[in-house]
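Listed here are the chains, written in short residue letters.
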Amino acid sequence: MVVKICSEQLLRKQIKELGKDTDFLSTLLENLMGHAVVAADLDGNIIAYNEGARKIYGYTPEEIIGKHNIEIFFPGESVTGGKLRRIIHNLRKTGKVSCEEDKLRKNGKRFPARILFVLTRDKTGKTDGFIEIVEDLTERKRIEKRLWDSMSNFHKVVDDASDGIIVINRQGIVQYVNPAAELLFGRKSDAIKGKQFGFPITSGATTEVEIIRKPGDIVVAEMRIVETVWNDEFAHLTSLHDITERKAVEEKIRQIDKTKTEFLSNVSHELRTPLHSIGGFIKLLLRSQVPDKETRQEFLEIIDQESQYLGNIINSLLDMSQLESGRFEISKRPTPVRDTIADAVSIFKSLVRHKEITLKEEIPEDLPEIEADSGRLRQVIINLVGNAIKFSDPGGEVTVRAEERRGQELLIQVSDRGTGIPAESIPHLFKRFYRAEAKMVRGGAGLGLYISKQIIEAHGGHIWAESRAGKGSIFSFTLPLDGKGGETNGQEDSNYRRRPDSLKAC
Amino acid sequence: MDKKILIIEDDPIASRLVDYSLRREGYQVITASNGVTGMRRVTEEKPDLIILDVMLPGMDGFEICHRLRSNPSTTVLPILMCSAKAHEIDRNTGVKVGADDYLAKPADPSEILSRVARLLARKGLATLA
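Residues numbered from 1 in each chain as written. Chains lettered and ligands numbered in written order. Predicted model: local features only at pLDDT ≥ 70, side-chain atom pairs only at ≥ 80, totals over all residues. Heavy atoms only, no water.

Asks: Looking at this structure, I do not really get the overall build of chain B. What am I missing?
Replies: Helix and strand content of chain B: five helices and five strands. In chain B, the succession of α and β elements from N to C terminus is β-α-β-α-β-α-β-α-β-α. The contacts in chain B between residues at least 6 apart in sequence include a share of 59% that link residues at least 24 apart. Per element, the accessible surface of chain B, about 6200 Å² overall, is 54% carbon and sulfur. (Helix = DSSP H or I, 4+ residues; strand = E, 2+ residues; numbered from the N terminus. Contact = heavy atoms within 4.5 Å. Areas by Shrake-Rupley, 256 points an atom, 1.4 Å probe, with all protein chains shown as cover.)

Here's what the structure looks like:
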């Protein structure tokens, strides 16, 4: 037996000399190898000392037995402060004392210990000393501290987690709610704990749930449930990840994607229709299937008109691509606006005759010259007049008028007596890809008004629409007289390089 | 051969091309640029066949077709439906509302001519039987 070491033999010998119960002591000494077992007389003088004690205190039995009082194992203040004396006093009264105290090793280091003092008696039954059994708590305290630290770390992690964490017991009753979950539910932990968890519990699956905080305030969360143990009982650990924002972004992207798809489909249709007509009429002409000279002339005019239409769409697409990439620029020069308007209007002469529409110009002779990009201005007027004609029935009237207002700006208006625009469409007219009458033939790509708005705003002006159902529409825009605001002569002024607002908010 | 064909199409240029091509083949052609006028022309002119566009302002081609099929006098009137939406769903809807044939736009005049001839021949056979 490993316990049979010299110190023990010495101990046995001394115990025998003292006439003590050797069997009891040997059993104690053998079985408490991990403990420091020390026997002392009533004054505390050490008479026995085991291997465990040697390991814990660091003294050899020879250094201790018969030479020291048990005070040697206690820190100074326990001795001088009378603590040790009180313990011994207590022990003599009750026969047994157990306590937790700091003890002292040979190297002067303190350590926490659990101590059991038991009185010993001689063969006659008279109290003759005591045994002190000491358990070194250093390791246990260290583990406890580590456990405590990790527990508090765990609590911190759960408290600081951005995801909601909820523990639900087998009966579906909420046991624990972390702060993030309180935020998600918009309620304090106490208002959720002890209540039934409202969502179906499926372990392992990720589900999307809607949390209605109050009517209209809905949070979308991704919920994942795993099995766990809570207070020694089976439970479900639910984590809730707020995806409300992600959902909104996804929806926005879906909308943009849908708009782009529709746009592509519209544009390809808008391009294909005139191209097909051109092809059809050209084939008739090429195969000499149009003997009548006047009809030939009619068809050539149609081809001309259709290719112009195609050109317009392609120009709009080019403008659009410049706007999208922020390369859309205007270059301003002194511009006689009256001439620009007249020039723009003149291209519709044959179309209005054909559609039996009256096109009127009300432009004052003395309309001042302004700093503007005449080509772009012409484009806006063509767009507005073209729309007005498109939405006018035969016999209708389209008027282009201009005036100087308050010596500050020019107001230019294009009005028609057509069917008018539904009130709900007006706010969307100047948006990209918007087409008020989707079913209309030659609906266009939905870019004209959007591009017009960009051009007018680049000049520092405004553009807007008014309409009354059945009465017709008025499209108006202003241009500042001093030519200030908007872009200057092709200068690289980043402020005026236009980016579509859609990039910011669509 | 003076079969009467009604074109219901709101795009005047597309309408003109088909109109001219049909006339060259000896058909008599009448046109309408919207559903209401189209329906009136059917009653007034009693055409032998209708070339019907789907996308029309107001009443669309599907509705016109459905109405014609609900009227005993036009139940068997041949209808060639044309749509720029060359989607299967349109073709299916076209067939469901009773169109005899369906053509994706833009269609070649020669294609329209051959479909028209086939539909008229079929009608001829049906009348004989």
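Asks: I would appreciate a short explanation of the pattern of salt bridges in the present structure.
Replies: Side-chain pairing between opposite charges can occur once the charged atoms of the two side chains come close. Residue and element names in this part refer to chain A. Tallying each qualifying case throughout the model produces 41 salt bridges over all chains. In this structure, Glu101 engages Lys83 in a salt bridge whose closest nitrogen and oxygen atoms are separated by 3.0 Å. Of this pair, Glu101 sits in strand 3 (residues 96-104) while Lys83 sits in helix 6 (residues 83-94), and the two are 18 residues apart along the sequence. Judged by relative accessible area, Lys83 falls into the partly exposed class, the value being 35%. With its nearest N and O atoms 3.8 Å apart, the salt bridge here joins Glu182 to Lys188. Since its relative accessible area comes to 16%, Glu182 is described here as buried. Here the salt bridges do not stand alone but share partners, grouping Glu100, Arg114, Glu135, Arg140 and Lys141 into one network. (Salt bridge = Lys/Arg side-chain N within 4 Å of Asp/Glu carboxyl O. Buried < 20%, exposed > 50% of the residue type's maximum accessible area, 1.4 Å probe, protein only.)

Asks: I'm lost on the sheet that holds strand 16 (residues 463-468) of chain A in this one. Help?
Replies: Adjacent strands of a sheet pair through backbone hydrogen bonds, lying either parallel or antiparallel. Residues and elements named next belong to chain A. Strand order in the open sheet formed by five strands is 12-14-15-17-16, and the pairing between neighbours is mixed. Both edges of this open sheet fall to strand 12 (358-362) and strand 16, since each of them pairs with a single strand only. Between one strand axis and the next, the sheet turns by 15° as a mean value, whatever way the strands run. Helix 14 (residues 374-390) contacts strand 12, strand 14 (397-405), strand 15 (409-416) and strand 17 (472-480) of the sheet and is inclined by roughly 170° relative to strand 17. In this fold helix 15 (residues 448-458) packs onto strand 16 and strand 17, with an angle of close to 25° to the strand it touches most, strand 17. (Pairing = 2+ DSSP bridges. Axes fitted to C-alpha atoms, helices over the stretch in contact; angles between N-to-C directions.)

Asks: When you look at helix 15 of chain A in this model, what are you seeing that I'm missing?
Replies: Along an α-helix, residues three or four apart share an orientation, since each turn contains 3.6 residues. Residues and elements named next belong to chain A. Burial analysis of helix 15 places eight of its 11 residues in the buried class, the great majority of the element. Within helix 15 the residues assigned to the buried category are Leu449, Tyr450, Ile451, Ser452, Gln454, Ile455, Ile456 and Ala458. Of the surrounding secondary structure, the elements contacted by the buried residues of helix 15 are helix 11 (293-325), helix 14, strand 16 and strand 17. Just downstream of helix 15 lies Gly460, where phi reads positive at about 85°.

Asks: What is the right way to look at the sheet that holds strand 10 (residues 233-242) of chain A in this model?
Replies: Residues and elements named next belong to chain A. Pairing is antiparallel in the open sheet, where five strands are placed in the order 7-6-10-9-8. Edge positions in the open sheet fall to strand 7 (174-177) and strand 8 (206-214), since each of these has one partner strand only. If you compare each strand with its neighbour and ignore which way they point, the axes differ by 30° on average. Bridge count between strand 9 (residues 217-230) and strand 10: 10 bridges; the pairing is antiparallel. Following the sheet pairing, Ile225 is matched in strand 10 by Thr238. This element, helix 10 (residues 244-286), spans strand 8, strand 9 and strand 10 of the sheet and lies at about 130° to strand 9.

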